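# Report on the structure
Each chain, letter by letter, is given below.
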Amino acid sequence: MSPSATITNGTTIIPKLDRPLAFYGTVIHCLSQSEVEIAESALLLVNIHGKISSFHKDVKQDQIEQLLSEQGWSTETVSLTILERGKFMVPGFFDTHNHAPQWTQRGTGRGHLIMDWLNNTTFPHEARFADPDYARKTYASCVDGFLKQGVTTACYYGSLHGEATKILAEICIQKGQRAYVGKCNMNREAPDYYRDASAEESISVTRDFIDHVRKIDPKFELVTPILTPRFAVACDADVLSGLGKIAAEDPTLPIQTHFNETPQEMEITKKLYPEFENESDLYEHFGLLNERSVLAHCIYMDEYDMSRLEHLNCGIAHCPVSNTTSGTFGVAPVREYLRRGMKVGLGTDSGGGFSSSIMDCMRQAFVVSNAKKLSTGGADKSLSFYETFYLATLGGARVCNLDGIVGNFQVGKEFDALEIHTVGKNAGIVTLVEDTDSTAKIFEKFIMSGDDRNIARVFVKGRSVKEC
């Protein structure tokens with residue numbers, strides 16, 4: 001493994017790579033929402049700062065040395081990986097909606113409506129993160145687990161505890177994962193044992209957490225604090241206005257919350273905030289709806305809410321596993337979002353969903369798009385597996401406003417990538433690769449039947465971060 005990031009004297013230190021990286025073989029990435037590039041015989045070069053320095057296509061193997069020399073490198077000075085048939089590089093996956101404290105409750109509490117599930121399953125579990133030792137143990141397993149499955153960037157909700165959320169941020173840095181991390185704000189509609197004592201405390205702990213991240217990662221190279229009102233149901237007006245004030249003070253801070261997730265949640269929100277007809281008006285009023293917002297679910301959308309999110313350039317975290325396996329069966333209008341050019345990515349919603357795999361999310365996104373096609377009489381066509389790959393990579397980067405930094409293999413971007421093996425003794429149970437398969441067919445087999453065993457290596461900023 002490459003040297004990992006460390007926190008020295010309170011500040012994150014990310015060492016340079018020991019040597020540049022070179023990958024020769026097949027490279028697959030999205031150029032846009034509608035275009036996937038499959039480049040065979042490609043040479044991808046990464047400098048010691050973890051950035052892509054060049055991307056050559058249609059390269060013969062005997063040309064590698066010459067192309068390296070143009071960078072001032074040679075096969076003796078780089079770490080060269082030859083990708084044989086059945087092996088290829090893809091960008092790292094984005095998980096745009098993830099509850100880190102729920103890592104150990106995945107798959108439990110199925111079939112309950114959201115408020116029953118929160119009160120009976122989730123809140124009692126999240127309350128355990130008052131114990132820093134429990135938080136440290138659980139979050140270490142969580143971050144390792146997501147890195148193992150190729151999630152190079154995650155949008156994490158923490159618990160309401162400031163200390164535990166600081167621990168989550170520190171673990172992301174130490175293990176080398178790029179992450180948005182937020183202290184969860186919630187001061188009502190939750191048990192007394194699991195709510196912020198007051199709006200003032202909720203905002204104070206949030207500010208303290210943001211200050212902590214600024215100290216350990218001043219440039220937000222890996223971890224960025226994200227404002228995290230759980231949802232309007234759990235936050236009174238003082239909490240929402242306090243978070244809106246922070247958002248206005250610092251335009252570098254992203255925002256995340258749940259939006260139009262279930263009929264029950266929407267009904268309770270209207271009772272608690274009767275002055276707002278729509279959730280978009282509510283969050284916009286408090287300064288929490290803009291191009292930095294990451295909104296989870298967005299299932300039950302009328303034209304007004306959809307138009308406001310489009311106009312404000314909000315990001316949408318599509319969570320097809322949890323949307324269809326909790327107490328309700330919801331199918332978000334993802335085709336319409338894409339038709340409008342809106343920012344859409346995928347979220348595991350672990351443990352609202354039972355799976356922590358973005359690959360499962362890709363497949364379920366495909367499945368539920370078939371349901372949407374049926375319910376719209378064919379007006380909304382199904383997603384292709386190429387489009388679900390877009391949602392997991394460049395689409396997620398757009399949601400997080402990181403598409404200028406990562407998301408595909410454009411020269412100058414940072415190298416967040418996965419080395420995929422669909423052949424060999426450790427290839428697991430991916431659909432068997434046959435001699436007659438094209439590269440496109442092999443890629444489809446990976447997307448539709450692969451798992452973490454096919455993800456041989458995971459890179460963030462050029463550093464290998466997957467614990468084998």
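If you check an unreviewed UniProt entry, the protein chain appears there as Guanine deaminase from Exophiala spinifera. According to the UniProt record, the Catalytic activity (unreviewed entry) comment for the protein chain is "guanine + H2O + H(+) = xanthine + NH4(+)". Looking at the protein chain in UniProt, the text filed under Pathway (unreviewed entry) is "Purine metabolism; guanine degradation; xanthine from guanine: step 1/1."

### A few points about the layout of surface pockets
Space inside the largest pocket adds up to approximately 250 Å³. Together, 18 residues line the largest pocket, and Tyr180, Phe220, Thr224, Leu402 and Ile405 are the ones closest to its centre. Residue contributions to the lining of the largest pocket peak at 3 residues, all from strand β10 (residues 178-182). Among the residues forming the lining of the largest pocket, the class breakdown is 9 nonpolar, 3 polar and 6 charged.

### Here's the deal with the packing of helix α5 (residues 199-216) against helix α6 (residues 237-249)
To characterise two packed helices, one gives the angle between the axes of the helices and the distance between these axes. Running from N to C, α5 and α6 point in directions that differ by 30°, and their axes come no closer than 8 Å. What the angle tells us is that α5 and α6 run roughly parallel. Crossing geometry of α5 relative to α6 is assigned as right-handed. Residues Ala199, Ser202, Ile203, Thr206, Arg207 and Ile210 of α5 lie in contact with α6, whose contacting residues are Asp238, Val239, Gly242, Leu243, Lys245, Ile246 and Glu249. Looking at side-chain class alone, the contact of α5 with α6 contains 6 nonpolar, 3 polar and 4 charged residues.

### Digging into the pattern of salt bridges
Scanning the entire structure with this criterion turns up 28 salt bridges. Residues Asp380 and Arg339 are paired through a salt bridge, measuring 3.1 Å at the closest nitrogen-oxygen approach. With a gap of 41 residues between them, Asp380 in the loop between α12 (358-375) and α13 (385-392) and Arg339 in helix α11 (residues 334-339) connect regions that are remote in the sequence. Taken together, the shared-partner salt bridges connect Glu303, Glu310, Glu336, Arg339, Arg340 and Asp380 into one network.

### Looking at the domain arrangement of the protein chain
Here the protein chain is described as being made up of domain 1 (6-91 + 408-464) and domain 2 (93-400). Summarising the inter-unit geometry, the C-alpha centres of domain 1 and domain 2 are found 29 Å apart. Together, Ile7, Gln33 and Ile447 form the three largest contributors to the area buried by domain 1 at its contact with domain 2, with a combined 23%. Linking domain 1 with domain 2 are 3 salt bridges, by the criterion used here.

### With respect to the side chain of Asp416
When you line up the elements, Asp416 lands in the loop between α14 (394-399) and β18 (417-421). There is a polar contact of 2.9 Å between the side chain of Asp416 and the side chain of Arg178. Here Asp416 is in contact with Pro91, Gly92, Thr152, Thr153, Arg178, Val406, Phe409, Phe459, Val460 and Lys461, once residues within four sequence places are set aside.

### Thoughts on helix α3 (residues 132-148)
Between its first and last C-alpha atoms α3 spans 24 Å; for 17 residues at 1.5 Å apiece the expected length is 24 Å, and the two agree. Regarding α3, the residues found buried are Tyr134, Ala135, Thr138, Tyr139, Cys142, Val143, Gly145, Phe146 and Leu147. In this structure Asp131 caps α3, since a side-chain oxygen of it lies 3.0 Å from the backbone nitrogen of Asp133. One or two steps after α3, the chain reaches Gly150, where phi turns positive at roughly 85°.

### Looking at empty space enclosed by the protein
Evaluated as defined, the whole model comprises 3 cavities of 30 Å³ or more. Within this model, the largest cavity holds a volume of roughly 290 Å³. Along the walls of the largest cavity sit 25 residues, with Ile114, Trp117, Glu261, Ser326 and Asp349 positioned nearest its centre. Of all the secondary structure elements, the ones that give two or more residues to the lining of the largest cavity are α2 (114-126) and α10 (320-325). In terms of residue count, the dominant contributor to the lining of the largest cavity is α2 (3 residues). Classifying every residue of the lining of the largest cavity by side-chain character gives 6 nonpolar, 15 polar and 4 charged.

Here is what the cut-offs are and how they apply
- Residues numbered from 1 in each chain as written.
- Predicted model: local features only at pLDDT ≥ 70, side-chain atom pairs only at ≥ 80, totals over all residues.
- Heavy atoms only, no water.
- UniProt positions renumbered as here; feature names shortened; annotations may be inferred.
- 1 Å grid on protein atoms, 1.4 Å probe; cavity = no way out; pocket = protein on both sides within 12 Å on 5 of 7 lines; lining within 4 Å.
- Points joined across faces, edges and corners; volume = space filled by probe spheres on them.
- Helix = DSSP H or I, 4+ residues; strand = E, 2+ residues; numbered from the N terminus.
- Nonpolar A, V, L, I, M, F, W, Y, C, P; charged D, E, K, R; others polar.
- Axes fitted to C-alpha atoms, helices over the stretch in contact; angles between N-to-C directions.
- Parallel < 35°, antiparallel > 145°, perpendicular 65-115°, else oblique.
- Left-handed = near helix turned anticlockwise from the far one by under 90°.
- Contact = heavy atoms within 4.5 Å.
- Salt bridge = Lys/Arg side-chain N within 4 Å of Asp/Glu carboxyl O.
- Domains from an automatic or database assignment.
- Buried area = accessible area lost by both parts, 1.4 Å probe.
- Polar contact = N/O pair within 3.5 Å; in protein donor to acceptor, adjacent residues only side chain to side chain.
- Expected span 1.5 Å × (residues − 1).
- Buried < 20%, exposed > 50% of the residue type's maximum accessible area, 1.4 Å probe, protein only.

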